[in-house]
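Per-entry structural report
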Amino acid sequence: MGQDAPLGGPHLTRKTFLRGLAVTGAGVALAQSPLLGGVAGAVSGPAKGAGAGGGSRDLAGHVNPFVGTAIQKDSPSVFGGQQAGNTHPGAVAPFGMLTWGPDTVEKQPGGYSWAAPTIRGFSLTHVSGGGCDSLGDFPFMPFPGEVTSSPATTPERYASAFSHDAESASPGYYGVHLDNGAKAEFTATQRAGTGRFTYPRGKTASLLVDVSGSAAGTSAAEVRVGRNTLSGSATSGMFCGAADSYQVYFWAEFDQPFKTSGTWSGDSVQPGGSKASCEAQQSDTDDTSEGVCLATGTSAAGTGTAGCGAYVTFHGPVAEARVGISFTSVAAARANLRAENHGSFAAQRARARATWNEQLGAIRVDGGEPADLATFYTALYHCFLHPNVFSDANGDYTGFDGKTHRTRRGHAQYANFSGWDVYRSQIQLLAMLAPRETSDMMQSMVNDYAQGGQLPKWSLANDESYIMVGDPAAPIFAEAYAFGARDFDTRAALDALVAQATKANRIRPGIEDFQKFGYLPADRTYEQYHYGSVSTSLEYNTADFAIAELARQTGDMGTARTFDQRAQYWRKLFNPKTGYVQGRNADGSWVADFDPASPANFVEGNAAQYTWMVPFDVRGLFDALGGDKAVRTRLDTFFTQLNAGMDKPYAWMGNEPNIPAPYLYAYAGAPYRTQEVVRRAMTELYTPEAGGLPGNDDLGTMSAWYVWSALGMFPQVPGRAELVLASPLFRAATVRLGSGRTIEVHAPHAARNAPYVRGLRVDGRRSTKPWLPATFAHTGGRLDFSLAAAPDRHWGSDPTDAPPSFGKNSHRA
C-alpha cells in the first residue's frame, strides 16, 4: 500500500491529494463475489477433469482475476476507511505491457471497482495493486447508437451499466455483456491485444476511443482516423499527484473498413473528422485543469472540459480490433502488433492461457481445499504481472532521459517498480522462479540510472515519482542476486547504490544528515518526506545492509564492511527507556509526548509496528527489548489484532512493514507461534473472493507473501536468501527453480487446521532448525514435514536452532 503516500514534490500537499482521492474512490461500499464460480460467469473454473488438486495441466483454471477488486471489510486504509487490493481483471500476458480491460466510472486505483455498477471504457494499460490512479490509457467503449454529443461533455451517455452475472475473466481473457446490449471481449500478448465487439442487431454499431481518458488525466493527446485504422498518443503520469510524465502510443487495425467515423474535441463533435488533439491548460486561479482542444477543420473547438477522441461505426454486428501499444512511437506500436498478434481471437486466447499455464507451472501444489488452491494460484498470477515489459519487440524503449535506446539482443527493458513494496517478498520469488526476466529487471534499473542519474524508487513508465521512502533499489538488487538472478551489471549497480548512499540526491533526501547523525533528525525538513524521520531512517539502515550484502557477494569486502557498520545505525533511534524506536532531534533529544500508536515521525505505521523492522539484526533487536521471553510476550500482544491500521499498537498485516513480523517468533524460541500466526493471517485475511486481499496488492507484494507462506517459508532478511519456516498449507508442492532444480515439499497431514510442525526432514535428515540455508534456494532439495493440529512447543525452540542474525561482528556465510 506504499503508493498511497502522496509526496511527489514540494508543491504537492496532503490536503490536495486527499481531496483528489475523495473524488476518485472514497466511500465505495463493500461488495464481494461468492467463492469462485458462485457468480455466474465471474471467473472461469478449473478445466474439466482438473479436480481439486493443483496437479491438473490447466492451473489457470484456479485463478480468479477479480480477487482484490473489492474493498475488504475491516481492511484499514492509510487515509481512513477501508480499502481494496486495487488489482485489475483485464486480459494480460505474463509481465505484459498491455492489459486490456474494464474501467469503472466510480474510480478505484487499478481502474476497476467490483462495487461500481457502470463501465466507462476498456483501456489498454493498467497497474495492478497500486494505491493511486495510474495508466488506464486509451479506453475503448462499444456503444449501440449514434454519437451525437461529445463524450468529453456527456460521458454518462456512453457509459453502460453491467452485471457480474454477465462478466467473465481468466488469465489472458476478459469479457462482459453490457447492459447497453453490446458485448466486449479481450485477449492479450505482451505488447498487443485483440478486442471483439458484438452489437445488438438493428442498432448502430459505434466504438469510441477516448485518447484523453487516462486514469490520472492527460496533458496532451491526439488521435488519427484511417480507412480501418485508429492511432494516437497520450501524455500522462501524475502518479499520486507527482510530477512524473510519460507518453504512450497505440495503433489499432479493424477487420473491416469503417462505415462512418468522426472525432470529438471538447464539446465539439466532428462527423468525418480524421484527426483530433487536446491538451490541458493549468488554471491561474486553482489547481484544476481545463481543456484547450483543437480538431481538424476548426481553429479552437472545445471550451470547458478537456477531452478528445475518435468514434467509428461498423457495417455488421461483430467487429474485431487488433491493437499494439508502445512507449516510443505509433510506428513501434504498429510493429509490436505485427510481431505478436497472429491467428483468430480463439487461437490467441488459447495461446494466452497456455502461456499462463507455463508460467504458473513454476509452482505446482496439490492436496488442498479448492478455495486455497484458488487463492494460491491467483496470488501467484498477481506476482507475474509487474514489473512489466517496457521495450518494444525490436528492443527499443524510451529511457529516463527521454531518448530512444535499445536493449541487448534477446533481453527486455522493464518498468513500473514499486520499490518500497516489492523488496519485502516479490522480487525474491521472481528471482527464484524467473531469473532471466528478473535479471532483465535489474539491468533495466541499471539503465535507468545511466540515463536518468538515479535508481528507481517508485517509477512509473520512464519517469520517477519519488513516492514512498528509503532506497529500495538496494535490497532489490541484493535479493535478485542472492536468489539467482545475476545476469546484470552488478558493478554498475553497486557503484550507483554507493553513490546514492553517500552523495546528495533526491532518492535519499537528508543523506548528509543521516551520515552526520546516524539518523534523520525529526526537527529537520527535507525536499521530500519531511515527515517519517524514523521509518525513513530504518529504511536507510535496511538499504545499507543490502549494499553490504551485494558488495560481499560480488567480492567488494571494503564496501561491505563500511555499510555493515552503517546498518547498525538503527540503534541510535531505539530508546531503551520506552522500548521503541522513536523520533530524535538533531541535538540528540527524543521527541516529546511519545505515543507508540501515533504515526507521527513514521510513514504508514507507528512505533509499535516499526520497532520490529530491523530484519537483518533480529538478535540485536531482541537483546535490546529484553530477551526472547520479553519478545514473545510482546509479540503475543502485538498479534492480538492482525490488521489494525496505522494508529493502533498492533499488527498491520495489510501493509508492507509488518508482513515479515510473524516470522520473528522463530528467532525467539517459539516457531510454533510463527506457524500459528502465519496460518491465521492466511486464512482470515486472504480469500479467493473479490475482497480477498487485506490491502493494496502493491504490484504483487501481498500476493507474494501468501505464496511464500503457503509453501511454509519466507525470505526474512532483505538481501539474503535464507528462508525462515512456518508450515506448508498443501500436502505437496514442487517449486521449479530457475537453476533447473526443484524444491519438493511434502506434508501428508497438511490441512487448514493443522499448522504446527512436529518434525522436519531436510533431504532425508532430521532437522530441528526452523530455517533453511541460503544455498537451498539455488540447489533445491526435499522437505518432509510432520504436521498436526496441536503445537509442539519444543521443536525448533533451542537457541542454537534460531535463524541467523546479522548484527555486530556476525559471521557471514
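Scoring rules and cut-offs
- Residues numbered from 1 in each chain as written.
- Predicted model: local features only at pLDDT ≥ 70, side-chain atom pairs only at ≥ 80, totals over all residues.
- Heavy atoms only, no water.
- Helix = DSSP H or I, 4+ residues; strand = E, 2+ residues; numbered from the N terminus.
- Buried < 20%, exposed > 50% of the residue type's maximum accessible area, 1.4 Å probe, protein only.
- Contact = heavy atoms within 4.5 Å.
- Areas by Shrake-Rupley, 256 points an atom, 1.4 Å probe, with all protein chains shown as cover.
- Polar contact = N/O pair within 3.5 Å; in protein donor to acceptor, adjacent residues only side chain to side chain.
- Core = buried A, V, L, I, M, F, W, Y, C linked by side-chain atoms within 4.5 Å.
- Pairing = 2+ DSSP bridges.
- Salt bridge = Lys/Arg side-chain N within 4 Å of Asp/Glu carboxyl O.
- 1 Å grid on protein atoms, 1.4 Å probe; cavity = no way out; pocket = protein on both sides within 12 Å on 5 of 7 lines; lining within 4 Å.
- Points joined across faces, edges and corners; volume = space filled by probe spheres on them.
- Nonpolar A, V, L, I, M, F, W, Y, C, P; charged D, E, K, R; others polar.

Here we look at the overall build of the chain
A count of helices and strands for the chain gives 19 helices and 39 strands. Counting all 813 residues of the chain, 64% fall into the buried class. Summarising the internal contacts of the chain: among those between residues at least 6 apart in sequence, 69% fall at separations of at least 24. When the accessible surface of the chain is split by element, carbon and sulfur atoms take 50% of a total near 26,600 Å².

Re the side chain of Ser 212
With respect to the secondary-structure elements, Ser 212 resides in the loop between strand E12 (205-210) and strand E13 (220-225). Its relative accessible area of 14% is what places Ser 212 among the buried residues. At 2.8 Å, the side chain of Ser 212 and the side chain of Asp 210 are in polar contact. Within polar-contact distance, the side chain of Ser 212 engages the backbone nitrogen of Cys 308 at 2.9 Å.

Some points on unusual backbone geometry
That bond from His 386 to Pro 387 is cis: its omega, -10 degrees, falls within 30 degrees of zero. Of note, Pro 387 is situated in the loop between helix H5 (370-383) and strand E23 (388-389). Positioned with a positive phi, Asn 416 is a non-glycine residue whose angle comes to about 70 degrees. Mapped onto the secondary structure, Asn 416 falls in the loop between strand E26 (414-415) and strand E27 (417-418). Of note, Glu 604 is a non-glycine position whose phi angle comes to about 50 degrees, a positive value. Checked against the element boundaries, Glu 604 lands in the loop between strand E31 (580-581) and helix H14 (607-610).

Observations concerning the nonpolar core
Ranked by internal contacts, the top residues of the largest apolar core, which has 214 residues, are Phe 140, Phe 250, Phe 376, Phe 477 and Trp 705. Looking at this core element by element, the count peaks at 9 residues for helix H12 (residues 533-553). When sequence neighbours within four positions are dropped, the list of residues in contact with Phe 376 reads Ile 363, Val 365, Tyr 706, Val 707, Ala 710, Leu 711 and Phe 730. Phe 143, Ala 152, Tyr 158 and Tyr 311 belong to the second largest nonpolar core, which has 7 residues in total.

Overview of the sheet that holds strand E29 (residues 463-464)
Pairing in this open sheet of 3 strands is antiparallel, and the strands run E27-E28-E29 from one edge to the other. Each edge of the sheet is formed by a strand with only one pairing partner; in this case those strands are E27 and E29. As paired elements, strand E28 (residues 458-460) and E29 share 2 bridges and run antiparallel to each other. Opposite Leu 460, over in E29, you have Asp 463 as the bridge partner.

So, the environment of Gln 451
Mapped onto the elements of the fold, Gln 451 is located in helix H8 (residues 435-452). Residue Gln 451 is classed as buried on the basis of its relative accessible area of 16%. Gln 451 sits 50 residues away from Asp 401 along the chain, and the two C-alpha atoms are 5.3 Å apart. Discounting residues that sit within four places of it in the chain, Gln 451 has contacts with Tyr 397, Gly 399, Phe 400, Asp 401 and His 405.

Notes on the pattern of salt bridges
Under the counting rule described, the total for this entry stands at 28 salt bridges. In this structure, Asp 544 and Arg 566 form a salt bridge, with 3.0 Å as the shortest nitrogen-oxygen distance. Highlighted residues: Asp 544 in helix H12 and Arg 566 in helix H13 (residues 557-567), separated in sequence by 22 residues. Owing to a relative accessible area of 7%, Arg 566 belongs among the buried residues under this scheme.

Thoughts on empty space enclosed by the protein
One way to see where empty space is left: roll a probe the size of a water molecule over the atoms. For the structure shown, the criterion picks out 8 cavities of 30 Å³ or more. Together, 16 residues line the largest cavity, and Met 613, Pro 615, Pro 657, Pro 660 and Gln 716 are the ones closest to its centre. Looking at the lining of the largest cavity residue by residue, the class counts come to 11 nonpolar, 3 polar and 2 charged. Approximately 100 Å³ is the volume attributed to the second largest cavity. What lines the second largest cavity is a set of 13 residues, among which Asp 103, Gln 108, Gly 111, Arg 120 and Ala 215 lie closest to the centre. Taken together, the residues of the lining of the second largest cavity sort by class into 2 nonpolar, 7 polar and 4 charged.

Thoughts on the sheet that holds strand E32 (residues 713-714)
Two strands in a sheet stick together by hydrogen bonds in their backbones, pointing the same way (parallel) or opposite ways (antiparallel). Taking strand neighbours across the sheet as the criterion, the 3 strands line up as E32-E33-E38 in an open arrangement whose pairing is antiparallel. Looking at strand neighbours, the two that pair on one side only are E32 and strand E38 (771-772), the edges of this open sheet. Here E32 runs beside strand E33 (residues 723-725); their pairing, made up of 2 bridges, is antiparallel. Across the sheet, the residue bridging to Met 713 is Leu 725, located in E33.

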